[in-house]
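Residue strings, one per chain:
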Amino acid sequence: GAVVSQHPSRVICKSGTSVKIECRSLDFQATTMFWYRQFPKKSLMLMATSNEGSKATYEQGVEKDKFLINHASLTLSTLTVTSAHPEDSSFYICSATDRFNSPLHFGNGTRLTVT
Amino acid sequence: AQSVAQPEDQVNVAEGNPLTVKCTYSVSGNPYLFWYVQYPNRGLQFLLKYITGDNLVKGSYGFEAEFNKSQTSFHLKKPSALVSDSALYFCAVRDGKAAGNKLTFGGGTRVLVKP
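Residues numbered from 1 in each chain as written. Chains lettered and ligands numbered in written order. Predicted model: local features only at pLDDT ≥ 70, side-chain atom pairs only at ≥ 80, totals over all residues. Heavy atoms only, no water.

Caption draft 1: Molecular detail of the pairing of strand 8 (residues 64-68) of chain B. Residue and element names in this part refer to chain B. Here three bridges tie strand 7 (residues 56-58) to strand 8, and the two strands are oriented antiparallel to one another. Considered in strand 8, the bridge of Leu56 is made with Glu66. Between strand 7 and the antiparallel strand that follows it, strand 8, lie five residues; Tyr61 among them carries a positive phi value of about 60°. The sheet contact formed by strand 8 and strand 9 (residues 73-78) spans five bridges and is antiparallel. Among the inter-strand pairings, Phe67 is bridged to a residue of strand 9, identified as Phe74. Linkage of strand 8 to strand 9, two consecutive antiparallel strands, is achieved through a turn of four residues, within which Thr72 is found at a positive phi near 45°. (Pairing = 2+ DSSP bridges. Helix = DSSP H or I, 4+ residues; strand = E, 2+ residues; numbered from the N terminus.)

Caption draft 2: Molecular detail of the side chain of A:Thr82. Residue and element names in this part refer to chain A. Inspection of the secondary structure puts Thr82 in the loop between strand 8 (76-81) and strand 9 (90-97). Here Asp65 takes part through its backbone oxygen, which lies 3.1 Å from a polar atom of the side chain of Thr82. Residues in contact with Thr82, not counting those within four places in the same chain, are Thr17, Ser18, Asp65, Lys66 and Leu68. (Polar contact = N/O pair within 3.5 Å; in protein donor to acceptor, adjacent residues only side chain to side chain. Contact = heavy atoms within 4.5 Å.)

Caption draft 3: Molecular detail of the pairing of strand 1 (residues 4-7) of chain A. Residue and element names in this part refer to chain A. The side-chain alternation of strand 1 yields one buried face, formed by Val4 and Gln6, and one unburied face, formed by Ser5 and His7. One ladder, built from four bridges, connects strand 1 with strand 3 (residues 19-25); its direction is antiparallel. Across the sheet, residue Gln6 finds its bridge partner in strand 3, namely Cys23. (Buried < 20%, exposed > 50% of the residue type's maximum accessible area, 1.4 Å probe, protein only.)

Don't take any of this as a statement about function, it's just geometry.
Structure below.
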């Protein structure tokens, strides 16, 4: 089946630094990738939608200058949390799809802890 | 606009007993419905989907779901639960008439299967 690899699985960083999270589709071309944030015991909150070669579309309330998304190829999207603060600590999950109406395939998530 | 409700935060069931996880939805167009399961510190795994066709959809690991248009529901079911089914379950919906593949997730239901 389709596999999405997300790296790193865990990262601890100091306040003020930036962190990059990678999301790769291993055996299919991901025309669209989605980035979610999940708070403890809560549902997934869509942060942004990225299409290969174009700017990401951010959901209302998500700061695009803080959460930089790049989707430079059909198999790779990156989320960079810039100038991270403790309130950015969360579980970030990416997902990808190769065509319209197909189920989303999810990465295993990245737990970010900002100290 | 599209929305999903999972009225139960947690469902407890004894191993071997039937399992039902409830989901209701709201979309302005045709509903495309999905169920996902999440294990601790992992991404989401696709279980099944309804796009069109038979109202009873069979998915992975013995799960099935029934699409009920009049009740706007898409409850997940398993005839005989296993301890290994203990996890967090998410229902998701997309408006079939909307552009893009953006899903809206319910709040999640934690399933605990006791031996």
